[in-house]
Amino acid sequence: MEELQLLDAIERYLNGQMSAEEKQRFEQLRKENPDVDQRVVEHTFFLHQMEQFGDIKNLKSTLNDIHSQLRAEGAIKEEKRKATIVELWKKYKRVVAVAASIAGITAISISVIAYLFTPKANHSEYRQLAQRFARLENKQKGTEIEISQLKNQISTTKPKADPKLGGTGFLIDGKGYLVTSAHVVVNADSVYVQNVKGDYYKASTIYINKQSDIAILKIEDNRFQFVKSLPYSISKNNSDLGEEIFTLGYPRSNAEIVYNRGYLSAGTGYNGDTLAYQIAISANPGNSGGPIFNEAGDVIGVLSGKQESAEGVFFSSRSKNIYTALQEIRKDSTSEDRIKLPVTVPLRTLNRTQQIKRIEECVFMVKSY
Amino acid sequence: MKSEASEEIRLLQRLAQNDRQAAETIYRQHYNMVQSLVTNNNGSFDDARDIFQEAIIVLYQKAKSGSFELNCQLKTYLYSVCRRLWLKRLQQQQQYLPDMNGLADTVPVEEEIEAHSQRNAQFTMMEKAMLHLGEPCRSLLEAFYLQKKNMTEIASHFGYTNADNAKNQKYKCLMRLRKLFFAEYKNNNNV
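Draft legend 1. Up close: the interface of chain B and chain A. Contacts between the two partners involve 43 residues from chain B and, on the opposite side, 40 residues from chain A. When chain B packs against chain A, close to 4200 Å² is buried across both sides, 64% of that on carbon and sulfur atoms. The largest per-residue losses of area from chain B upon contact with chain A belong to B:F123, B:Y171 and B:R178, which jointly make up 16% of the total buried on that side. Note that A:D65 is salt-bridged to B:R20, the shortest N-O span being 3.5 Å. Only α2 (20–39), α3 (45–65), α5 (110–133), α6 (137–146) and α8 (163–190) of chain B provide two or more residues apiece to the side of chain B that touches chain A. For the side of chain B that touches chain A, the element with the highest residue contribution is α8(B), accounting for 12 residues.

Pasting the structure below:
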């Protein structure tokens, strides 16, 4: 009961409902009795909490009221959320429009500029690496002809005249099938091949593909001795950028074999030709049709041409194209005598000079008449 | 500009005096901004409402304390508070925090948020205590302390024979509530 009276007193005291006399008495009591004083402080805090609680509670319900009222009025719109993209589109419509027109103008002007400044005849730059034997040489060698005629009587298979074009080819089947560049043999009346020892054989062209610059020859001479196993295989896969490569070929007219090395410098050929690679190597006319080997001694391509405007930029038909060529040959021919590509790679462990010693017997000079 | 600022101060004063009209005006002017802020940053419409109302409470308490000086536009202030509150809630949900900068200017409001979260805790404690109190004590106390009805009204409403009886009952209820509240309070402060 006393407790209740105290509470009542405190509340009246805090609310200022006490008379002056009573207030004085109460304050006196507070001073004398720390317990009562503590009670007053505690209750003040509590009442403050109550008041705040009430205020906030009231405010909250008012706000909820307002919220539903405004929503009913339509001042607050809680539409189903539009797709973000639609909103973004609305927001940035103008920006997008401006950006698009700028992009358009830029694209058009760039194409105009590109059109105006590009050299018109791009393709003249592409010089095929066929060796052009000087006509003068013919005359100079006038006296030598007699000698050669004498020699021809001994070895009847050797052609009498000098070839129009010279290139390189390599065996893909020990039975006498060679791969060379299409441009070396495309205009030839007849084709002869000569091995590193200087033996001549007559060959026939059985396949030409100008696009991939691949031609396949077959040695017709009976004197040709089959090679039992070739020391390299033909790679089916695409090669990687930067791969070390080497080639063997006959750029010299005296039929001496020449070794060159370099690296794969781009995954595509001239003007982005996907049938070819770009390689960096030093090569000369006459290297056309030569095999491009990787480190392991697999054939990854066939040397085909160079870019006139740049030094050391060459192109190589991909070795895949050889497989394509063989498929097409198989489709066309009914002969049982199928070309079998070499499979094993015995060269992997050998060093370069040993590799070359094995390979050079399979690389031929191609002379087209 | 000057008149606009003084108008906003006037509005806040009215808010502090529990003027419904003032709250409605603020609601009308600024709710949609906050709604798009929240809904554009992984929030729902309910989240937007919660956040905005909390911000109004922050504003209300600041205005009520009397020490409040609005040294930026009300819009900027509300935006800043809501942004902060929403980021905090996302953080608590451990959600991915979107980059919420760049939409509008913000002013530092960390102190307010801190004070607000403390008051919020107290509010929850009182709410809990009230809940545990049970009827008819709760209604009695609410009628007196929250709805500010006088004792005679309460007596007739609750069916007490006279105001003094009602008053006695009220004090009994208050004592119980106090006990509950301070138990909760100690509990919370110890944890």
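Draft legend 2. Summary view of the side chain of A:Q194. Considering the arrangement of structural elements, one finds A:Q194 in strand β5 (residues 191–194). Exposure remark for A:Q194: the relative accessible area of 8% places this residue in the buried category.

Draft legend 3. Up close: a nonpolar patch on the surface. A cluster of nonpolar side chains, A:I108, A:V112, A:I113, A:Y115, A:L116 and A:F117, forms an exposed patch at the surface whose accessible area comes to about 710 Å². By the secondary structure assignment, A:I108 is in helix α4 (residues 84–117).

Draft legend 4. Examining the state of the cysteines more closely. Residue and element names in this part refer to chain B. Scanning the entire structure with this criterion turns up 1 disulfide over all chains. Put simply, C137 and C173 are joined by a disulfide, and their sulfur atoms are 2.0 Å apart. Around the S-S axis, the bridge from C137 to C173 shows a dihedral of about -75 degrees and counts as left-handed. Residue C137 is found in helix α6, and its partner C173 is found in helix α8; the two are separated by 36 residues along the sequence. C137 sits in the buried class, given a relative accessible area of 6%.

Criteria and thresholds
- Residues numbered from 1 in each chain as written.
- Chains lettered and ligands numbered in written order.
- Predicted model: local features only at pLDDT ≥ 70, side-chain atom pairs only at ≥ 80, totals over all residues.
- Heavy atoms only, no water.
- Contact = heavy atoms within 4.5 Å.
- Buried area = accessible area lost by both parts, 1.4 Å probe.
- Salt bridge = Lys/Arg side-chain N within 4 Å of Asp/Glu carboxyl O.
- Helix = DSSP H or I, 4+ residues; strand = E, 2+ residues; numbered from the N terminus.
- Buried < 20%, exposed > 50% of the residue type's maximum accessible area, 1.4 Å probe, protein only.
- Patch = residues over 30% accessible without salt bridge, like charges linked within 9 Å, V, L, I, M, F, W, Y side chains within 5 Å.
- Areas by Shrake-Rupley, 256 points an atom, 1.4 Å probe, with all protein chains shown as cover.
- Disulfide = S-S within 2.5 Å.

Purely spatial values, then, with no claim about function.
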